[in-house]
Amino acid sequence: MPEPYLCADDIVVRFGGLTAVDQVSVSVDRGETVGIIGPNGAGKSTLFGAILGTVGTAAGSVTLAGTKISTWPAHRRAQAGLGRTFQKLELFGSMTVRENLEFGTEAPTLGARPWRLLSRNRHVATDDAALLAAELGLEPYLDQVTASLPIGVRRLVEFGRALCARPSILLLDEPSSGLDETETRQFADHIAHATRSTSIGVLLVEHDMSLVLSICERIYVLDFGKLIASGTPAEIQRSPVVREAYLGGAALGATDDS
Amino acid sequence: MTPYLPFVISGVVVGSIYAIAALGLVVTYRTTGLFNFAHGAIGMTVGFAWYELRADLHIPTFPAIAIALLVVAPLMGLVVDRLLFRSLSEASQASKIVVSLGLLTLLQGGVAATVGGATKNVRPFLPQHAFKVVGVFVGYDQVITVLLSAAILVGLLAFFNASRMGLAMRAVVDNRTLAESAGFESSRITGLTWMLGVMLAGAAGILFAPLLGLDTVTLTLLVVQAYAAAIFGRLTSLPRTYVAALVLGIVGSLLPKFLSHSPTLLNGLQPSLPFIFLFIVLVAFRRGSLRELGVSAPWSGTVRTGTRGWLVIPIGLLFATMVLPASRVFSLGVAIVLACGLLSITVLTGSSGLISLTQAGLAGVGAFTYLHLINAGTPFLLATALAGLAAVPLGIAIAIPALRLPGLFLALATFGFGELIDGLVFTGWHWFSGGGDGLQANRPSLLHSDRLYVLFLVGVIFLYLLGIRGLRRSALGRTLTALRDSPSAAESLGVNPLWPRLAVFSISAMMAGVSGALYAGLLGVASSAYFSVFTSLLWVTIVVVCGVESVFGALLGALLFGFLPSFFAAGTSATFTTWLAPTFGLAAIYFARRNGGLVAVLAKLGPQRWIHVERRAPAEV
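These numbers come from a predicted model, not from an experiment.

Draft legend 1. Geometry of the overall build of chain B. Helix and strand counts for chain B come out as 26 helices and six strands. Burial status across chain B gives 54% buried among its 621 residues. Residue pairs in contact within chain B that sit at least 24 positions apart in sequence constitute 81% of those at least 6 positions apart.

Draft legend 2. Spatial organisation of the domain arrangement of chain B. All names here are of chain B. Taken domain by domain, chain B consists of domain 1 (5-256) and domain 2 (304-614). Centre-to-centre separation of domain 1 and domain 2, based on C-alpha positions: 32 Å. At the junction of the two partners, domain 1 supplies 23 residues and domain 2 supplies 26 residues. Those elements giving two or more residues to the side of domain 1 that touches domain 2 turn out to be α4 (93-115) and α10 (222-232). Across the side of domain 1 that touches domain 2, the residue classes tally to 17 nonpolar, six polar and no charged.

Draft legend 3. Fine view of the interface of chain A and chain B. Each partner contributes residues to the interface: chain A has 32 residues there, and chain B has 32 residues. Here the element with the most residues in the side of chain A that touches chain B is helix α3 (residues 97-112) of chain A; it accounts for eight residues. Class assignment of the residues belonging to the side of chain A that touches chain B gives a composition of 17 nonpolar, ten polar and five charged.

Draft legend 4. Structural detail: the pairing of strand β3 (residues 33-37) of chain A. All names here are of chain A. Where burial is concerned, most of β3 is hidden: five out of the five residues are buried. Side chains of β3 alternate between two faces, with T33, G35 and I37 and V34 and I36 buried alike. Of the pairings in the sheet, the one linking β3 to strand β8 (residues 201-205) comprises four bridges and is parallel in character. Bridged to T33 within β8 is V202.

Draft legend 5. Structural view of unusual backbone geometry. Residues and elements named next belong to chain A. Notably, D10 is not glycine yet its phi reads approximately 50°, a positive angle. Examined against the element boundaries, D10 turns out to sit in strand β1 (residues 6-15). Phi at A65 takes a positive value of approximately 50°, unusual for a residue other than glycine. With respect to the secondary-structure elements, A65 resides in the loop between β4 (59-64) and β5 (67-68).

Draft legend 6. Broad picture of the nonpolar core. Residue and element names in this part refer to chain B. Counting 284 residues, the largest nonpolar core has A21, A22, L23, A229, I336, A339 and C340 as its most contacted members. Looking at this core, you find at least three residues from each of domain 1 (5-256) and domain 2 (304-614). Apart from the residues lying within four places of it in its own chain, the contact partners of A339 are I461, A554, L555 and A558.

Draft legend 7. Here's a closer look at the sheet that holds β8(A). Residue and element names in this part refer to chain A. Across the sheet, which stays open at both edges, the six strands sit in the order β6-β7-β8-β3-β9-β10 with mixed pairing between neighbours. Bordering the open sheet on either side are β6 (82-84) and β10 (226-231), each of which pairs with just one other strand. The sheet shows a mean angle of 20° between the axes of neighbouring strands, taken without regard to direction. Pairing between β6 and strand β7 (residues 169-173): three bridges, direction parallel. The residue of β7 that forms the bridge with R84 is L171. The sheet strands contacting helix α1 (residues 44-52) are β3, β6, β7, β8 and β9 (218-223), and the helix crosses β7 at an angle near 150°.

Draft legend 8. Structural context of the confidence of the model for chain B. Residues and elements named next belong to chain B. On average, residues of chain B score 82 in pLDDT, and 90% of them are at 70 or above. Of all helices and strands in chain B, the one with the weakest mean pLDDT is strand β6 (residues 613-614) (46), whereas helix α22 (residues 498-523) scores best (92). Note on residues 294-305: pLDDT is under 50 here. Beyond four places in sequence and across chains, it has 46 contacts. Low pLDDT (under 50) marks residues 609-621, which in the prediction has 33 contacts with non-local residues, meaning those over four places away or in another chain. Here the complex is predicted with pTM 0.86, and the ipTM for its interfaces comes to 0.89.

Draft legend 9. Inspection of the environment of A:G38 at higher detail. Residue and element names in this part refer to chain A. By the element assignment, G38 lies in the loop between β3 and α1. What makes G38 buried here is the crowd of 24 C-beta atoms within 10 Å. A sequence separation of 204 residues divides G38 from V242, and the C-alpha atoms of the two residues are 8.8 Å apart.

Draft legend 10. Up close: α10(B). Burial analysis of α10(B) places eleven of its eleven residues in the buried class, the great majority of the element. Regarding α10(B), the residues found buried are B:L222, B:V223, B:V224, B:Q225, B:A226, B:Y227, B:A228, B:A229, B:A230, B:I231 and B:F232.

Draft legend 11. Structural view of the sheet that holds strand β2 (residues 18-28) of chain A. Residues and elements named next belong to chain A. In spatial order, the strands read β2-β1-β4-β5; together these four strands make up an open sheet with antiparallel pairing. The open sheet terminates on both sides in strands that have one partner only, identified here as β2 and β5. Sheet analysis places β1 next to β4, joined by five bridges and oriented antiparallel. Bridge pairing in β4 links C7 to T63. Each of β1, β2 and β4 is contacted by α1, which is oriented at about 115° to β1, the strand it contacts most.

Conventions adopted
- Residues numbered from 1 in each chain as written.
- Chains lettered and ligands numbered in written order.
- Predicted model: local features only at pLDDT ≥ 70, side-chain atom pairs only at ≥ 80, totals over all residues.
- Helix = DSSP H or I, 4+ residues; strand = E, 2+ residues; numbered from the N terminus.
- Buried ≥ 20, exposed ≤ 12 C-beta atoms within 10 Å, placed from the backbone.
- Contact = placed C-beta atoms within 7 Å.
- Domains from an automatic or database assignment.
- Nonpolar A, V, L, I, M, F, W, Y, C, P; charged D, E, K, R; others polar.
- Pairing = 2+ DSSP bridges.
- Core = buried A, V, L, I, M, F, W, Y, C linked by C-beta atoms within 7 Å.
- Axes fitted to C-alpha atoms, helices over the stretch in contact; angles between N-to-C directions.
- pLDDT = per-residue confidence, 0-100.

Structure below.
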């Protein structure tokens with residue numbers, strides 16, 4: 001069996017004396033949607049940072065398409081095909097939606113070939129960006145500056161911008177935070193559509209249990225920096241260890257009914 | 001050992017005073033997340049307050065010190081906290097830097113305009129008699145200074161580690177809301193911190209006064225020694241900062257002993273010591289180990305100021321050059337040259353949000369290179385271009401270690417570098433800068449008259465504006481905007497922040513270098529005084545006040561500082577310029593958080609067809 005496209009093996013991250021992530025291994029293949037859940041402070045975001053190269057690791061390795069990328073800086077990992085969104089939105093606030101999307105298309109080329117910075121901005125990216133904007137329903141906002149848009153739209157712009165860079169694996173950091181129930185459901189549809197149509201792999205950290213259970217094929221559960229369970233949504237919902245750690249005994253999936 | 005011991009002792013004394021200043025800097029930075037470039041200027045102001053109390057009001061020395069440190073300093077601290085920095089807790093790092101630079105310019109310019117530029121000699125106030133230890137005389141004043149400094153360190157450590165208020169101060173910078181919810185009132189805490197910071201700066205200023213004399217420049221630049229030590233403590237550790245300050249003092253004091261055979265090297269090395277220190281730290285520290293404290297929003301994520309109608313500038317200048325009387329044309333030339341220097345800041349800060357504090361130094365390098373080349377018979381245009389290129393490797397050398405790090409460190413490194421150019425190149429290398437008299441060269445015969453030369457300048461500024469327009473439309477321009485709005489998002493899309501930043505920094509350095517050559521060409525002479533680190537600070541202040549996003553801002557500033565004074569009589573003109581600088585310092589504090597500057601204000605009043613300002617709604621958090 002071939003190795004999954006993205007593998008993080010035995011990742012250890014320490015902050016001073018605190019071990020934030022302790023020998024955690026996760027993997028995502030193309031076309032697959034995988035979730036990471038766990039209570040606050042479980043080390044989810046830190047693990048994300050370790051995979052993306054924004055947090056230094058004490059041990060472990062990250063492999064993308066068979067190449068070890070653990071020592072690479074974040075921008076090089078991005079060029080190699082790791083995309084991301086942020087829990088706290090990181091848009092280019094003074095740019096329009098169109099410019100944000102177009103920059104997403106251009107950025108990997110500009111990063112890999114810095115001399116192109118001196119070329120004129122030719123807007124080669126326009127077609128891709130327009131197509132994606134149509135898919136995500138962003139057309140009415142294309143020429144508006146992102147800073148003034150409602151949060152649901154901004155989340156979609158960030159997602160679209162990451163897709164424009166044509167990642168092979170996309171890491172989503174709490175994509176539903178700040179969204180209402182309807183928006184969250186729509187967002188889930190967009191994620192599912194993206195994995196189907198472009199065969200990218202998605203790894204998401206999420207609080208919203210209904211979103212994770214509905215779109216993820218596999219789920220990892222972190223607690224106190226350790227991996228305590230992994231499996232299909234059904235297995236995770238049944239697991240007594242997970243119930244104990246995550247919900248203090250209550251059944252998983254019950255939260256969205258209340 | 002004995003021949004070195006006296007030097008070590010005086011080094012420890014000087015280092016102890018550095019330490020007092022540096023500890024104050026660390027205390028304010030780590031509690032407020034705001035790096036105070038005006039720390040030295042504040043110490044200088046308290047020092048002068050004490051001097052005036054003693055000299056003019058005839059208050060005896062020690063009561064005067066008590067009033068200066070226990071009344072004046074805390075009041076200043078409160079004012080600084082309430083009026084300037086309170087509203088900045090969530091502003092961008094660039095805004096914070098500009099506010100403290102504005103305060104520096106205000107205090108330095110204001111005190112200099114009030115008391116004059118001459119150094120005041122201050123008679124020692126600590127006991128002068130000495131005793132002999134292992135064959136070396138040690139003064140009681142030296143012992144007192146060292147013990148005082150050590151006591152301050154111990155006191156601060158005890159305060160931060162043991163007291164509830166100290167704990168609160170540490171909590172506030174991490175998370176203001178959380179600290180407040182835990183029952184700490186953050187406004188009281190930052191107020192207290194600023195009082196403490198100003199008192200420490202003032203104490204250092206007063207202790208230095210008998211050693212160095214009191215003048216507005218030396219003590220203002222004390223901040224460079226202080227932050228060189230503080231950065232060694234990663235801007236947060238008090239003990240490491242203290243040790244680094246002592247080492248800095250000792251090395252500085254031992255240098256004359258070791259380099260007595262080479263006064264040139266000594267004269268250059270001594271003032272540049274803090275920069276060398278700083279440079280080593282910037283190169284040596286791993287990426288990520290030097291971080292900015294506190295929240296930093298992007299420089300101006302919400303406003304875009306277009307520069308539609310920029311052609312008005314070269315056309316207007318061309319017209320003015322033709323019709324103005326001969327006596328005014330020269331002043332117009334001064335303004336255009338200044339505009340070129342200011343545009344080098346517009347390019348850098350307006351597009352990337354980065355702040356360089358050595359632009360005038362780079363202009364100086366350009367000016368002297370140009371004069372040497374002309375005197376060696378180089379054709380005039382080639383000399384101008386080469387002068388611009390000469391500034392680039394220098395700019396790059398300083399920028400590379402700093403550009404890996406957050407924006408604050410570029411400001412710190414360039415400030416230190418500006419002082420290094422001042423000390424080593426301009427003052428130290430007489431062969432290069434011609435010493436106090438400067439260097440001379442004739443204008444090319446073709447452009448001998450003022451009017452012809454100024455026409456040439458109009459041509460150059462046209463090229464500058466064309467270049468800026470091209471940059472804004474290039475992929476580089478868009479990448480810089482992206483990096484300014486959100487560095488982490490740009491990186492997550494595959495952009496290596498180093499290349500675009502290095503590119504814009506080089507362009508900016510070249511523009512500064514050429515502006516220096518133009519200055520030298522216009523005046524036929526250049527001396528280092530014009531290119532001091534204070535000129536760099538003033539330039540940044542002018543650009544921020546007049547409008548950093550628009551080329552009209554640089555032009556407006558240049559006309560105000562370069563052209564307007566020529567309309568006053570000689571005496572009035574001097575007064576005007578003297579007071580204009582601190583006024584702009586004050587204005588910079590106001591405009592640091594408001595986009596667009598004076599140009600945007602003017603645009604709203606009138607010519608909106610020419611100066612196009614798009615104002616956009618602020619982001620909700």
